[in-house]
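Observations on the three-dimensional arrangement
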Amino acid sequence: MSDQNPWLTIIGVGEDGLDGLDNASRKVIENAKHIFGAPRHLKLLNLEARGEAYPVPFSIEPVLKHKGEPCVLIASGDPFWYGAGTSITKHLEPHEWLSYPSQSTFSITASILGWPLEDVHCIGLHANAFETILPKMHDSQRFICLVRDGDAVIRFCKWLCENGFGKSEVSILESLAGPHERVRSCRADGLDFTDISHPAAIAFTAIGQGISQASGLDDMLFETDGQITKRPIRAMALSALSPRNRELLWDLGAGSGSISIEWLLTSPQTHAIAIERRKDRISFIEKNAEKFGVQKRIEIHLQDSKSGLKKLPIPDAVFVGGGASAELVAEIWDILPKGARLVVHAVTIETEQLLISLSEKMGGELLRIEMSSVAPLGSMKAWKRAYPLTEWRIVK
């Protein structure tokens, strides 16, 4: 903050309304020329006559019209923990605003349940698909989730059951810290409440088997027409691609999207662009991304790997699962920044010869991977060899 006086104050309010505000927040409200908030917030603070309800979906434009005048914007709890704070302040300079938070729903819930908040996943599911928490779902892991309304609580418990977590112990918390506070508990598969009121949160301890944290997930977890980088090969490719937080992957010739999805599962802030030339495979990528809860972090492009690459955001890593050519590699190499990784796979002799030639000119590491799996042979079993694969990995 600078020494300049802010014109906008963001005040977090709980279900206890005015009783939960400190003197500083009360004074700012008394002196404000314009007050904005959701109808529920304005009612909690007895400000319906003075206040103006902001639009739904939320927009800061009505507030900006009074820039420079003393304004208050009312938000829920802690405005910067799945609240409206960031969506407001990204339009302002640091000296223009001030915030007075109240207790968050997460803090109140943890206090009621006696949970150490540092060990709990705190998640906002107002506008996110339930699947977005799937990568975090592991046995005995605790969650506190903000949801839209009572119907969302019911649908979420049904989703837990459908994903093998029906035995999870669930607490449903309504109107926390207010006169109508209510906390009820049950198993997800035993929920029979139909009178859940807004605002509501759901807290639960997961009981069930989550997604493996290792690279190389079972092929059967992905929807595919058979065009998929097989489990052990995928694990080696991910190791070579070396995903890091906030990095972007280009997955060229994405097929079912398995490489992109496993890249995204390594960190909640990674991103991927999957490029696939066959329209019938795009639906597999979309379904798999939704199944694993990473759909918001993947862009899917129906195009040839050789076209339009320079129009895309610059990647930190590129995977070419098939169809490599000298021209394609040259274009990718010209785009890649220093430190970026390129991993190319080849099954055909012609592409393998290309990778050998590229490694001699550019360096990097060549691996030849040969695998066999057990298959029936008459009344007995034998090793059946798959096509050998050549991997070229290089760091710019």
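Here, the structure is the one placed above.
Every residue gets a number counted from 1 within its own chain, in the order that chain's sequence is written. Residues qualify for local features only when their pLDDT is at least 70, as the model is predicted, and side-chain atom pairs are given and counted only at 80 or more; totals for whole chains, interfaces and linings, by contrast, use all residues. Here the side-chain values reflect all heavy atoms present in the structure, with hydrogen atoms and water set aside.

Some words on the environment of L176
The criterion, for reference: Secondary structure elements are taken from DSSP: a helix is a run of H or I of four residues or more, a strand is a run of E of two residues or more, and numbering for both begins at the N terminus. A 1.4 Å probe rolled over the protein chains alone gives each residue an accessible area, and that area as a share of the maximum for its type sets the label: buried under 20%, exposed over 50%, partly exposed in between. Contacts are residue-level and defined by heavy atoms, with any inter-residue pair within 4.5 Å sufficient.
Relative to the helices and strands, L176 is located in the loop between β8 (169–174) and β9 (182–187). Taking the relative accessible area as the measure of exposure, L176 reaches 8% and is therefore buried. Counting along the chain gives 69 residues from L176 to N245, while the straight-line C-alpha distance between them is 35 Å. Here L176 is in contact with E15, T105, I108, T109, I112, E181 and V183, once residues within four sequence places are set aside.

Details of helix α7 (residues 231–241)
For clarity, the cut-off: By construction, the arc corresponds to the directions joining the helix axis to the C-beta atoms.
Taken residue by residue, α7 has I233, R234, A237, L238, A240 and L241 as its buried positions. The arc that holds the buried residues of α7, viewed along the axis, is 160°, so those residues lie on one side. Remark: S242 follows α7 within two positions and exhibits a positive phi of approximately 50°.

What about the side chain of R297?
Where we set the bar: We score Asp and Glu as negative and Lys and Arg as positive, and we do not count His or the chain ends. When a carboxyl oxygen of Asp or Glu is within 4 Å of a side-chain nitrogen of Lys or Arg, the pair counts as a salt bridge.
Residue placement: R297 occurs in the loop between α9 (279–291) and β13 (298–302). Lacking a salt bridge, the buried R297 has E247 as its closest oppositely charged neighbour, with an N-O distance of 12 Å. Those residues in contact with R297 that sit more than four places away from it in its chain are L264, S267, P268, Q269, T270, H271 and A272.

Focus on the sheet that holds strand β10 (residues 200–205)
Going by this rule: We call two strands paired when DSSP finds no fewer than two bridges between them. Here an angle of 0 to 180 degrees is reported between the N-to-C directions of two axes, which are lines fitted to C-alpha atoms, with helices fitted over the stretch in contact.
As summarised here, the arrangement of the 5 strands in space is β6-β7-β10-β8-β9, forming an open sheet in which the pairing is mixed. This sheet does not close on itself; its edge strands, each paired only once, are β6 (120–124) and β9. Shown here is a sheet whose adjacent strand axes are inclined to one another by a mean of 20°, direction ignored. Where β8 meets β9, 6 bridges bridge the pair, whose relative direction is antiparallel. The residue of β9 that forms the bridge with V170 is C186. The strands that helix α5 (residues 105–113) touches are β6, β7 (142–147), β8, β9 and β10; relative to β7, the one it contacts most, it runs at about 135°. Packed on one face of the sheet, helix α6 (residues 150–162) meets β7, β8 and β10 and runs near 20° to β10.

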